[in-house]
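A closer look at the structure
Now for the letters of each chain:
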Protein chains: 4
Amino acid sequence: MAVSPIPSRAELAQRFAQVRAETLARTATLTPEDQGVQAMPDASPAKWHLAHTTWFFEAVVLAAHAPGYTPFDARFFRLFNSYYESLGPRHPRPQRGLLTRPGLEQVHAYRRHVDAALRRFIEGADADTWSAAAPLVQLGLHHEQQHQELIVTDILAAFWCNPLLPVYQPVPGPRPAAGPTALRWIERPEAVAEIGHAGSGFAFDNETPRHRVLLAAHRIADRLVTCGEYLQFIEDGGYRRPALWLSDGWAAAQDAGWTAPRYWIAPDDSRAPAAHWQVFGQHGVQPLDPAAPVVHLSLYEAAAYAHWAGARLPTEFEWELAFGVDGVRQMTGHAWQWTRSSYDPYPGFRPLAGAVGEYNGKFMVGQLVLRGGSIATPAGHARATYRNFFQPAARWQFSGLRLARDGTC
Amino acid sequence: MAVSPIPSRAELAQRFAQVRAETLARTATLTPEDQGVQAMPDASPAKWHLAHTTWFFEAVVLAAHAPGYTPFDARFFRLFNSYYESLGPRHPRPQRGLLTRPGLEQVHAYRRHVDAALRRFIEGADADTWSAAAPLVQLGLHHEQQHQELIVTDILAAFWCNPLLPVYQPVPGPRPAAGPTALRWIERPEAVAEIGHAGSGFAFDNETPRHRVLLAAHRIADRLVTCGEYLQFIEDGGYRRPALWLSDGWAAAQDAGWTAPRYWIAPDDSRAPAAHWQVFGQHGVQPLDPAAPVVHLSLYEAAAYAHWAGARLPTEFEWELAFGVDGVRQMTGHAWQWTRSSYDPYPGFRPLAGAVGEYNGKFMVGQLVLRGGSIATPAGHARATYRNFFQPAARWQFSGLRLARDGTC
Amino acid sequence: MAVSPIPSRAELAQRFAQVRAETLARTATLTPEDQGVQAMPDASPAKWHLAHTTWFFEAVVLAAHAPGYTPFDARFFRLFNSYYESLGPRHPRPQRGLLTRPGLEQVHAYRRHVDAALRRFIEGADADTWSAAAPLVQLGLHHEQQHQELIVTDILAAFWCNPLLPVYQPVPGPRPAAGPTALRWIERPEAVAEIGHAGSGFAFDNETPRHRVLLAAHRIADRLVTCGEYLQFIEDGGYRRPALWLSDGWAAAQDAGWTAPRYWIAPDDSRAPAAHWQVFGQHGVQPLDPAAPVVHLSLYEAAAYAHWAGARLPTEFEWELAFGVDGVRQMTGHAWQWTRSSYDPYPGFRPLAGAVGEYNGKFMVGQLVLRGGSIATPAGHARATYRNFFQPAARWQFSGLRLARDGTC
Amino acid sequence: MAVSPIPSRAELAQRFAQVRAETLARTATLTPEDQGVQAMPDASPAKWHLAHTTWFFEAVVLAAHAPGYTPFDARFFRLFNSYYESLGPRHPRPQRGLLTRPGLEQVHAYRRHVDAALRRFIEGADADTWSAAAPLVQLGLHHEQQHQELIVTDILAAFWCNPLLPVYQPVPGPRPAAGPTALRWIERPEAVAEIGHAGSGFAFDNETPRHRVLLAAHRIADRLVTCGEYLQFIEDGGYRRPALWLSDGWAAAQDAGWTAPRYWIAPDDSRAPAAHWQVFGQHGVQPLDPAAPVVHLSLYEAAAYAHWAGARLPTEFEWELAFGVDGVRQMTGHAWQWTRSSYDPYPGFRPLAGAVGEYNGKFMVGQLVLRGGSIATPAGHARATYRNFFQPAARWQFSGLRLARDGTC
C-alpha cells in the first residue's frame, strides 16, 4: 500500500462518494430487521457492516489525523471495532447480532456524520497531514468494498436459516440459456514468474513484495467447473468416497452432513420441494443451471472434486501467471477460486505500520488463498495479484474452482 | 382447566380484547429491530412472542374448531409452534432470532387476522362447538399472559448483552424511599393442608387435583429477602464459600463466574462505572435499592443465601398454605419465589387431552417450583395455587426468595 | 447416622474386615490395566474406588482422630478426595483414568497400611475418641459398600466401550428357565405413612428425619417390569413416539440415539451379531431373558414405559410403604427402581456436621430417587428407607422400574 | 518411496529386528497401567503404539502378500487401524485409552506372532512377491520409528496430567554446564535450490518429487533458540502482547491460558514448588537449563517469539538448503523446528498407490512443516528432506525453533 501512487484529492473524494453509495445500495431491499441479523459467528449483520466500514474511517483516519474531529458517539469506537487489538477492546464477534441499538436509522446518521467529516478532511487537510492520511483513506475504500461483498454473502447465510427462504434481489430478467463450452486445457511451460503487486495502483500489503517464483510445467483449465459437472460428482458418490477427500475434509463433511454445496436443494427436499435440483441465492430459489459455475464450496469439496476429475487445484502462483493469458476465461467476476496454496507470507513480507498492520498479516496461518472475484465483488475491486483467504471449511462465500494438472501433454 | 366454569361469550370476548391489547402495549417502546433479537436459546424475540401467542389461537382453536377458517399464512403453523410435538415439526428454538421475515408489520397483520377470526368465532360458533372450544380460548388467554411476562424478561436479557444498556421503560417517577420493615416469622403448626386448585375459576392442569398434604410445624418469613440483605451475603463471601452451596450450584457459579445476581453491576464495573452497586432492569441502570426485593437469582443462589441466613427455602406447600394468612406480605406482584420443591406431578395428576396436554406435564422433571408472581406478571394472572417452574440455574426471570425455618419457637 | 446405636468395637472390627475383603474380591477378575480405566466422567476406575474408600478412612477417621497417624503418602490426600470441598482441592474427576501412578500394587499397599492403622485404632482408641470416631468408621463401611456396587457398574461401562466386550465374571451356571408370573396389583388405601429411618440401625442422613406423609389411595405392582415386557414397548415404537416421553427425556433420547436400554444388542448388530436380542452384562453377552427385570434404564425411559403401559412410577413414599407388604416381591436385590420423586430433603433434614455433611445433602437438586437395591448391591447394604439418587439420564446403573397406578379398583 | 533402492533381504531382516527391539526398549520403564493411558485424543497409549505398528506389518504386508498368513486375532484388524479409510472401519481414536483388553501381555504376544511371520516372509517370499512387498516392509520400519518418538511424547503428555509427575527415564548423569554460544547468522544469497528427495535411500512420498525452488537472499541462525532466550521473551511480556501474535495464536493462547511452553513450571507453582523455573520432561522435573533448546512450543509461540526477536521463522526450503552448510548447527537430534511453510504438496506430488497412499497426502491442509528431528527421534530416521507436520497449536512434541531473516547484511 505504502508504495502505491495516491490519487488526487478530487479523485479520492469522488471514489469515496461512489463507494459509500454502493454500500448503501446493497442494503436497499433489506428491512431494518433483516439488517440486524447474524446467521453465525463468521457472518455479521448488514447494519454492522454499515457501521464498521464507517468506524474504519473514523478510527483510522479522522481520530488519528483530523484535528478537532468530534466522534458521533464515543461508545461506537468499541462497538464497531472488528479485530484490531491495538485499538483496544471490542464487542464480541458472536454477539454482533444482539446490537438492536444503535438502530438502523442511527447507523445511517453515523454514516452521514463521518461522510461529512471525511469530505471536509479531504478538502481541508494540510499537505503533511494529507500525505500521511491519504493512503489510509484509500485503504478504507478498498476495505469497504470487501464488506460490500460480505453484505451479500452474510445476508444469504441469514436468509438460508429462514424456512421462508426470502429473496434478496428480484430476478433481473431471463438468463441466456447457453450451455458451457467444452473445457480446454491451457499449457504452461516451466517458467520463472513475477508474482505479487508491481507497484502501480493500489494493493493490499499481503500482495507484496513482488518476487520471483519458479513454476513447473502445468496445464490450467480455461474456465470454471460448472454446476452440471459438479452434479456428476455428486451422482458418482463423491460425498460418500473418503478416498477422494483430504482427511480434515472428510471429517468436516461427515460432521456437518454435507451432501451437496451449501444452498443446493435436493429434489423433494422439504424446504422447497421440486422434481429437480434447485439452488438458493441472491434471487431466491432457482432451478439449478448446469452451465453456471458452481459456488459455495469449501476447499475440501473443491479438492475432492478435482481429485475425482483426475486433476488438482492450481497454486495461487499458477493462477496469477494465467491471468490475462489468451483463452483463459472467467478469471474474475464469476467466483472466487480456491487454490492449493496456503495463505503464507510472501518472502520479505512486511505488514503496514500501525493498527492497519493487523489488516492481513496476522491471519497468515490455517487459511487458503482464493483468487479471482465473484458476482458479488464490486466492480474494479479485484485484480490479478489479489489474495482472498478463508478457512478450508468456509462455504458461505461465492467460492468455486478451476482445475489444473501437472505437466504438459 | 376442564372443570373450570367457562365465562360467558361476552365476557371472554372482552377479556380477549384486553389481553391482546396488553401484549402489544408491552412492545410499544421497542423498535422492530429490538423485537427480532434473541439473547439466548432460553429466551425468544418479542416478535416471536407476538406471533406464537397468535399461533396458539390459530392452531389450537381456529384450525381445530372454526369451520372454513383460512390461515393467514400456512407456513406460520410450523414457524411459530413452540414445543407441541403432536402438532408437527417446528422451527428450531435457538434460531428464532434469525427470522427477520415475517417482519414486525406482517406479524401485526397476522395478529389482526386471527383477532378478527376469533371474535367472529366467539360470536358465531354453535353451542356444541363453543362448549368444546371455549376452554381452549380461555387457556389461550392465560397462555398469552405468560408470554407477556416473558416479553419483559427476554428483552432485558437482550438489552443486557448490549454495551449501551438500553432502557426498556422510562422511570415512572420518584420511588418511595421507605426502607424494609424488620423480618417477622409467621408460625405455622403441623397441619393437613388442602393443596391445589379448588375448582372455582381457571387453573392450569398442573395445579390439580386438589389434594391433602401433611405439613410439619414451621415458620415462614413475612416478606421477601431484600437487595440490602443479599448484599451482606455477597460481602460476607457468599460467592466464595462452597459449604453454603448445593453441589450443582457451586459448579454452575464457578463455570459462569457468578459473583452477584444477574444484572447487578459492581462498583467501578466498566459497563457503567459508579462508586456504588447498580442494578440493570426495566428502567435501565439504577442505583441498588436496599429495600427492594432481590430478583434475578438462580435457585442455587437462593438456597445458598438461605443456608447462610440460617434458614431454608419453603416448600411449595408451605408457601401455598401461607397465602392469605394475616401478616404475610409480598406474596404476589413483587417476585417469583423459589421453593425447595421439585416440579413433580400432584398425586392423581392427569394432563389435558389433545395437544394442550403437552402444556405442563411433560416438563415435570429437573425443574423447581416458583410461587407468587412478579412486577412483570399481568394483573390477575397469578393465584395461590399457581405453579411456575424453571431450571435451577435460570436467572433471567424476576426470581427472588422468601425464607422459612423448621419447627416453631 | 448420629442417632444410630454404634456396634461394639469387636463387631465393627469384624465388619471392617469383611467389607474391605469384599471390595478386593470384586476386582479379582480384573487386570491392573482394567482397574485403571475410566469410561466416562461419571464413572471411575476400579483402582480409584480401591483408593478412595481407603482415603475416606484415612481422611475422615485417622487423620482427624488417631493421634500420631502417619499417612501412607501425603499426596494421596488430594489425589483420592472425591468431592469434599471442605477437605481442600482435589484431582479433577474426568482425569481419574489418567492416574497410572500410583500403580495397583501401590494402592493395595495403601489399603493394607490404612487397614492396619484402622484396626489398631479400633482396638486402642480411648473412650472419648472412640465415641466420636466410631460413627465415622461405620459410615466409612457403608460408603465403601456403595463403591462396591460402582466397581461393578463402572467396569461394565468400560468394557462396553471395548469392541471385544470382555467378560467381568464367568457365568456361574445355568439359570432357571422359569418365566415371570403375571403382574398383580397390590391395593393401598389412603393412609398416613411413617417415612424415613426409625432410629434403629445405621442410616444415611438423607433418610432422616422420620416423618409422616399423607398418601392417596393407589395400586403398586407386585414385581418389576421384565425384559420381555420392555421389548414389547420397543416393538410398539416406544422410542419413536414423543407423546410418551417427558420433554427432557425425548431430547436426551434423540441426542444420544437411544433405541433400547443401554447394553442391549439388537439382532444383527455388528458388535455381536445374532438372530435375536442380546444383553451385555456381568457375564458378557447373553441372550435376552424375557423373564428377567429390565435394567440399565434412564428415568426417562422408565417413565415413558410406564406411560405406555397406562401406569406411572410410584413415589418414593409409596414404595417405602409397600416394603414388607405381603405379596410385593423383588423389592431389593434385583434392580434399583426409579421413583417419580425428586431427591428433595425431608422436612427438618439436617446434614451431618463436618466434612461428612457433604455426603448427601449437597446433591439434593436435579436428581431422582431410586429405591430397592440391585444384584450388585452388597448383601445387607440396602433397607426399606434407603434413598439412592441419580440424574434422570443415567443408565449405567442397574436401574429398572416397578409400576404404580392412582386409586383403587 | 517407490523409487528408493530396496535393501537386501538380509539387511532388511536385520533392520527389522533392530527397529522392533527399539520400540520395546522405549516402553521398558513403563508399567502395564502406564502403557494403557491416553492423555488426550491426539495422543495414544504406548500399548496402542506397540499394537498399531504391528498391525501395519500385518495389514499392509502379511495380509496382502503372505499366502496362508494366519492373523493373530482377526478383531485386531479393526482395533488397531489408525486412519486408513480404505482398510475399513476402525476403533474411534479418542477411545484408544479404554482398550484394557487386549492386555499388554497379549499385545506382546501379537508382536511376537507378527515378528515371526514377517521373518519367515522375508526369508521365503518368492521374487515377485518380494519385489512388491519389500518397499512396504521398509515403509513399515520407518512408520514404526515415527511411533517410537510418539511413545515418548505421548507418555510425557500422560504423566503431565498426573500430580505425582512420574519420571519416564532416570537422569542419565550430570549434564555439561556449558552455556550456548552467541547466535551467528549464516548468509544465504538468492539461489535456485533443489528441494526434495533425490532418489537415493528411503524417503516418504511427501518428500517428492525433487524440484527446484527459487529462494530470495536471507540469513538463517546457526543454532536453535534456547530456553534462556525464551525466558526473556516471557519476562518481556511476550504472552501478554497481542501485537506479537498471529490472530489464531493469540486466541489459542487466551483460551488455553498459555503463559509459558508446555511443561514449564513457574516458580512457586503448586505442582512442584521451587524458587526458580523448572521443566518437566523425560527425566521428570529438572531446573530450567538456559542453554538448552526450547521445546514444546506451538507454531504460534514460535512465530510470536521470532516476531519479538525481530526475525521470522525460516521456510522449509530455506531450512533444507541450510542442511549441511558449514557452521549451521543443531539441525537434527535436538528439536523439531517449526517452519513458516504450510504443509502443502510439492509440485507434481503423487501419493503412493493403495492404502499407503493415505499415509501423508490426505493431511496436506491446515498443518505446518517442522524440520530437523529431536532428542526422541530414533537414530538414522531423520534426513535433510524429511517433512514432519503438525497443527499449529500442537505443543506436546519436541518442537522448537530456529530464527531467520530476510535479505543479507
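Since the structure is predicted, the reported quantities are computational estimates derived from the model, not experimental observations. (Residues numbered from 1 in each chain as written. Chains lettered and ligands numbered in written order. Predicted model: local features only at pLDDT ≥ 70, side-chain atom pairs only at ≥ 80, totals over all residues. Heavy atoms only, no water.)

This next bit is on the overall build of chain A. Looking only at helices and strands, one finds nine helices and 12 strands in chain A. For 409 residues, the compact-globule formula gives about 22 Å, and the C-alpha radius of gyration of chain A, at 22 Å, lands near that figure. Sorting the 409 residues of chain A into buried and exposed places 59% on the buried side. When the accessible surface of chain A is summed, it comes to about 15,200 Å², and 56% of that surface belongs to carbon and sulfur atoms. For chain A, the distance from the average site of its 37 positive side-chain charges to the average site of its 38 negative ones is 1 Å. (Helix = DSSP H or I, 4+ residues; strand = E, 2+ residues; numbered from the N terminus. Rg over C-alpha atoms; globule rule 2.2 N^0.38 Å. Buried < 20%, exposed > 50% of the residue type's maximum accessible area, 1.4 Å probe, protein only. Areas by Shrake-Rupley, 256 points an atom, 1.4 Å probe, with all protein chains shown as cover. Lys, Arg positive; Asp, Glu negative; His and termini not counted. Charge placed at Lys NZ, Arg CZ, Asp CG, Glu CD.)

This brings us to the domain arrangement of chain A. Residues and elements named next belong to chain A. According to the domain assignment, chain A contains domain 1 (9-160) and domain 2 (185-406). A straight line from the C-alpha centre of domain 1 to that of domain 2 covers 28 Å. The partner domain 2 presents 29 residues to the 28 residues of domain 1 that form the contact. In terms of surface lost to domain 2, no three residues of domain 1 exceed Glu149, Leu156 and Trp160, which account for 30% of the buried area on that side. (Domains from an automatic or database assignment. Contact = heavy atoms within 4.5 Å. Buried area = accessible area lost by both parts, 1.4 Å probe.)

Our next topic: the relation of the copies chain C and chain B. When chain C is fitted onto chain B, the two copies agree to an RMSD of 0.0 Å after a turn of 180° and an axial shift of 0.0 Å. As the rotation angle and translation indicate, the two copies are arranged about a two-fold axis. Proximity to the rotation axis, assessed at the C-alpha, singles out C:Gly366 in chain C; its C-alpha lies 2.5 Å from the axis. Same-surface contact between copies: 97% of interface residues of chain C are shared with the interface of chain B. (Least-squares fit on C-alpha atoms with pLDDT ≥ 70 in both.)

On to the packing of aromatic side chains, then. A full pass over the atoms with the stated rule returns 146 aromatic pairs over all chains. With a centroid separation of 5.7 Å and 65° between ring planes, the pair formed by B:Trp264 and B:Trp277 is classed as edge-to-face. Taken together, the residues B:Trp264 in strand β5 (residues 264-265) and B:Trp277 in the loop between β5 and β6 (278-281) connect sequence positions 13 residues apart. With a relative accessible area of 17%, B:Trp277 lands in the buried category. Ring geometry for D:Phe204 versus D:Tyr386: centroids 5.9 Å apart, planes at 80°, classification edge-to-face. Of this pair, D:Phe204 sits in the loop between β2 (191-195) and β3 (211-215) while D:Tyr386 sits in the loop between β9 (368-371) and β10 (388-390), and the two are 182 residues apart along the sequence. On the accessibility criterion, D:Phe204 (3% relative accessible area) is buried. Looking at B:Arg96, its charged tip hangs above the ring of B:Trp48, at a distance of 3.6 Å from the centre. Above the face of the C:Trp160 ring, C:Arg271 is positioned so that its terminal group lies 4.2 Å from the ring centre. (Phe/Tyr/Trp six-rings, centres within 6.5 Å; stacked < 30°, edge-to-face > 60°. Lys NZ or Arg CZ within 6 Å of the ring centre and 35° of its normal.)

Residue and element names in this part refer to chain B. The strand order across the open sheet formed by three strands is β5-β6-β7, and the pairing between neighbours is antiparallel. In this open sheet, the two strands that pair with only one neighbour each are β5 and β7 (284-287). Pairing geometry for β6 and β7, over four bridges, is antiparallel. Looking at the pairing, Val279 lines up with Gln286 of β7. Helix α5 (residues 127-160) rests against β5 and β6 of the sheet, and its axis sits at about 125° to β6. (Pairing = 2+ DSSP bridges. Axes fitted to C-alpha atoms, helices over the stretch in contact; angles between N-to-C directions.)

Here we take up the arrangement of the chains. At the C-alpha level, the nearest point of chain A lies 14 Å from chain C, with no contact between them. For chain B and chain D, which are not in contact, the least C-alpha distance works out to 14 Å.

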